[in-house]
Amino acid sequence: MSESLSTADPSPAAAAEDGPPSAKFGVREWSRWLWRQLTSMRVALILLFLLAVASIPGSLFPQRGSDPLAVGRYFDEHAAIAPWLDRLGLFDVYASPWFAAVYLLLCISLVGCIVPRTIEHAKALRRQPPRAPSRLQRLQGYTHATTEQPSAAVLGDAASYLRRKHWRVRTGDGWVSAEKGYTHETGNVVFHICLLLLLAAVAVGSLFGWRATVIVVEGRGFSNALTQYDSFSAGKLVDVSNLAPFTVTLEDFQAKYQQGGTQAGAPRDYSADLNYSPEPGEAPTPITIGVNTPLSVSGAKVFLQGHGYAPTFVVRDAAGQVIYDDAAVFLPQDGNLTSVGVIKIPDSAPPLGFQGVLLPTAVLDPVAGPISTFPAADDPAVFLTAWQGDLGLDSGEPQSVFRLDTTDMTEIGVDAMRPGETWVLPDGLGEVDFTGVSQFVSFTVAHDPGKEFALVAGLTAIAGLMLSLFIPRRRVWVRATADEAGRTLVDIAGLSRTESSMVDDDTAALRAAVVPADGGSQ
């Protein structure tokens, strides 16, 4: 018996050693704990940091949505590691499940932070300032004074002064309480709401927006169709078969350059004369656009992105038949628009290819050789290298129109030409006429349904942040009591809800307003 009693000792010491009973967490308790963790500010900041980190692979690796050819080249050059990177979604980062998970968790975390905070702030806006504490001397900005004025007059002057300064005032028996700076928390709430709206606008633009690029030579145009663009990237919810059917024609392009001085050749103005039709069959409307003045049509914007030259050639075979008559887009390489390009003629016998260098204002430098000294086409010249053989177009692999694969080709000659000159190819392969120089424009066409909304949300978020940073929330109290000698003892103090030194200035100004200049202080 004694052994059993000692084993089950009910004494307080034994109970203390055993400790309190452990809490049992069920599904509800764990769910509540996880929700509190997710909606905490600490986790929201962590998720925001993770979202920034998750965006880094999108700039390090080529993305299928914007440059599928580069993704294919990466697979060819890194055959061992590319499949593993693809399994991780690093070639389509912004559409990967892990990126979407971080994005959604951040949105949920922000909602969980904002909703309770907004409700609490709405209640605070209707709540009266708190009563004056019993010991004001412990608070910030405390000051004490004596005056011959009655306490009622002192409190009345204090309340009137505070109301004139836009404080929310509450009066009581022998005290006045006031609070100011509610817009501090309002700005904080507005900032977080706009941050959430900004994320939503980015998501809308990513899902429903699209962007395309196209190079157009003067006198030609394009329609808003997938097959007309050189590159096209679209959100997951974009129906490419339902694009607005507008058409755009480039009539003329003008570029102005600095003619002299230390900045000779610097661009001064670009403009393009267009004709556009929102719908098929509609009469074209003329418009002039510039670098910062895009064309808005059918919910899309057409931006003037870049320009260059497209020399025109006529190539004839040995029998004199025209086998090529077109403008070839040459891509600029420097500030004077020295440009390079290629011409591919697969239907000739044998297939021909040309690599060219265009100098808009050609000058023969004794050291550097032929160079361009000005970006305008004042005295153009082109240097062509001719090749014959297999162009590699039948390999089945995509090939850039600006690159000539000379692996299985033989060089047959080099020549320099001015507009109007003809180059007779060796071995009776035909001749090439350099007929002139046209200009091309690189257009970016974009539809971003969330852009304007994101701009408004961003500007409003900045305004809310400014309010929360520069308007501190603070309180002041005035207590007035009569002493045995009939004088009024005035105690003034304040309290800042944020780190601010304005409370000291507030209490000093309040003391000067309610206590005459000859009033004593302690």
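About the criteria used
Residues numbered from 1 in each chain as written. Predicted model: local features only at pLDDT ≥ 70, side-chain atom pairs only at ≥ 80, totals over all residues. Heavy atoms only, no water. Helix = DSSP H or I, 4+ residues; strand = E, 2+ residues; numbered from the N terminus. Rg over C-alpha atoms; globule rule 2.2 N^0.38 Å. Contact = heavy atoms within 4.5 Å. Areas by Shrake-Rupley, 256 points an atom, 1.4 Å probe, with all protein chains shown as cover. Lys, Arg positive; Asp, Glu negative; His and termini not counted. Charge placed at Lys NZ, Arg CZ, Asp CG, Glu CD. Pairing = 2+ DSSP bridges. Axes fitted to C-alpha atoms, helices over the stretch in contact; angles between N-to-C directions. Salt bridge = Lys/Arg side-chain N within 4 Å of Asp/Glu carboxyl O. Buried < 20%, exposed > 50% of the residue type's maximum accessible area, 1.4 Å probe, protein only.

Residues and numbers for the overall build of the chain, please.
Across its full length, the chain holds eleven helices and 24 strands. For 522 residues, the compact-globule formula gives about 24 Å, and the C-alpha radius of gyration of the chain, at 38 Å, lies well above that figure. By its C-alpha atoms, the chain is 125 × 85 × 55 Å across when sized along the principal axes. Taking the contacts inside the chain whose residues are at least 6 apart along the sequence as the reference set, 62% of them involve residues at least 24 apart. With the model as given, the accessible surface of the chain reaches about 28900 Å², and the carbon-plus-sulfur share is 57%. Charged side chains in the chain number 39 positive and 54 negative. The centres of these two groups are separated by 21 Å.

Run through the sheet that holds strand 8 (residues 267-277), naming residues and quoting values.
In spatial order, the strands read 5-7-8-9; together these four strands make up an open sheet with antiparallel pairing. Looking at which strands have only one partner, the edges of the open sheet turn out to be strand 5 (221-223) and strand 9 (285-290). The average undirected angle you get between the axes of adjacent strands in this sheet is 25°. Relative to strand 9, strand 8 runs antiparallel, the two sharing six bridges. If you follow S271 over to strand 9, its bridge partner there is G290.

Please give an account of the sheet that holds strand 18 (residues 381-389) that cites residues and values.
In spatial order, the strands read 13-14-15-18-19; together these five strands make up an open sheet with antiparallel pairing. Looking at the sheet topology across the chains shown, the edges are occupied by strand 13 (331-332) and strand 19 (409-417).

A description of the pattern of salt bridges should follow, citing residues and the corresponding values.
Two side chains with opposite charge may pair up if their charged atoms get near one another. Evaluated as defined, the whole model comprises eleven salt bridges. With its nearest N and O atoms 3.5 Å apart, the salt bridge here joins K236 to D92. Residue K236 is located in the loop between strand 6 (231-234) and strand 7 (247-257), and its partner D92 is located in the loop between helix 6 (82-87) and helix 7 (97-126); the two are separated by 144 residues in the primary sequence. A salt bridge links R316 to E431, with the shortest nitrogen-to-oxygen separation between them at 3.8 Å. Here R316, found in strand 11 (residues 300-316), pairs with E431, found in strand 21 (residues 431-447); they are 115 residues apart in sequence, far enough to count as distant. Judged by its relative accessible area of 26%, E431 is partly exposed.

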